[in-house]
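Structure assessment
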Amino acid sequence: MDDPDDTDPGLAGLSPEFQAMIGGMAGHTAHFQKLLERRMANMSKDAAQKKDDEDYLESYADLDIHEDMLKDQPRVDAYRKAIEFHGPAWKSQGDVSVVDV
């Protein structure tokens, strides 16, 4: 049965800091979505795709999003565990890049 209110029960046990981070990322996503919608209304598909790619990359120029990601303890812990687990294999392969996608 669905809850009668609009609150997300999944957020109830999270720290206020983490809830604020989620809210900030949601705002970042909503802003980016509005940019995409405006572009699609006024451009050809190819031009819109190119502009969307540029806007997406540019959205990471603001340091706030990076701060939010670094405060995301599950994300940081997952990276640490992956590096600890795969580190020896990566080291044996020479230069290896890790990308957050």
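Structure first, text after, so check above.
Our subject in this report is the structure included herewith. (Residues numbered from 1 in each chain as written. Predicted model: local features only at pLDDT ≥ 70, side-chain atom pairs only at ≥ 80, totals over all residues. Heavy atoms only, no water.)

Things to note about the overall build of the protein chain
A tally of helices and strands in the protein chain yields 4 helices and 0 strands. The burial tally for the protein chain puts 13% of its 101 residues in the buried class. At a minimum sequence separation of 6, the contacts of the protein chain that also span at least 24 residues come to 34%. Carbon and sulfur atoms make up 57% of the accessible area of the protein chain, which amounts to about 8400 Å² in all. (Helix = DSSP H or I, 4+ residues; strand = E, 2+ residues; numbered from the N terminus. Buried < 20%, exposed > 50% of the residue type's maximum accessible area, 1.4 Å probe, protein only. Contact = heavy atoms within 4.5 Å. Areas by Shrake-Rupley, 256 points an atom, 1.4 Å probe, with all protein chains shown as cover.)

Looking at the environment of Glu-17
With respect to the element layout, Glu-17 can be found in helix α1 (residues 16-42). Each C-alpha atom of the pair Glu-17 and Asp-68 lies 9.9 Å from the other, and the pair is 51 residues apart in sequence.

Quick word on helix α4 (residues 73-92)
Given a rise of 1.5 Å per residue, 20 residues ought to cover 28 Å, and the 28 Å separating the end C-alpha atoms of α4 matches this to within 8%. Along its length, α4 shows its largest kink, about 55°, at His-86, and proline Pro-88 lies within four residues downstream of that point. Backbone geometry just downstream of α4 places Gly-94 in the positive-phi region, at approximately 90°. (Expected span 1.5 Å × (residues − 1). Bend = angle between axes of the 7 residues up to and from the residue.)

Brief notes about a nonpolar patch on the surface
On the surface, Tyr-79, Ile-83, Val-96 and Val-98 cluster together into a nonpolar patch covering about 320 Å² of accessible area. Examined against the element boundaries, Val-98 turns out to sit in the segment after α4. Judged by its relative accessible area of 52%, Val-98 falls in the exposed class. (Patch = residues over 30% accessible without salt bridge, like charges linked within 9 Å, V, L, I, M, F, W, Y side chains within 5 Å. Salt bridge = Lys/Arg side-chain N within 4 Å of Asp/Glu carboxyl O.)

Quick look at the pattern of salt bridges
Across all of its chains, the model carries 3 salt bridges by this definition. Note that Arg-75 and Asp-72 form a salt bridge whose closest N and O atoms lie 3.5 Å from each other. Taking relative accessible area as the criterion, Asp-72 reaches 13% and is therefore assigned buried.

Points about helix α2 (residues 45-59)
The end-to-end C-alpha distance of α2 is 21 Å, a good match for the 21 Å that 15 residues give at a rise of 1.5 Å each. Within the sequence span of α2, burial applies to Ala-48, Asp-52, Asp-55 and Ser-59. When α2 is viewed along its axis, its buried side chains cluster within an angular range of 70° and face the same direction. Exposed residues on α2 whose side chains face more than 90 degrees from its buried face are Asp-46, Lys-50, Leu-57 and Glu-58. (Arc of directions from axis to C-beta.)

Function cannot be inferred from these measures alone, as they are strictly geometric.
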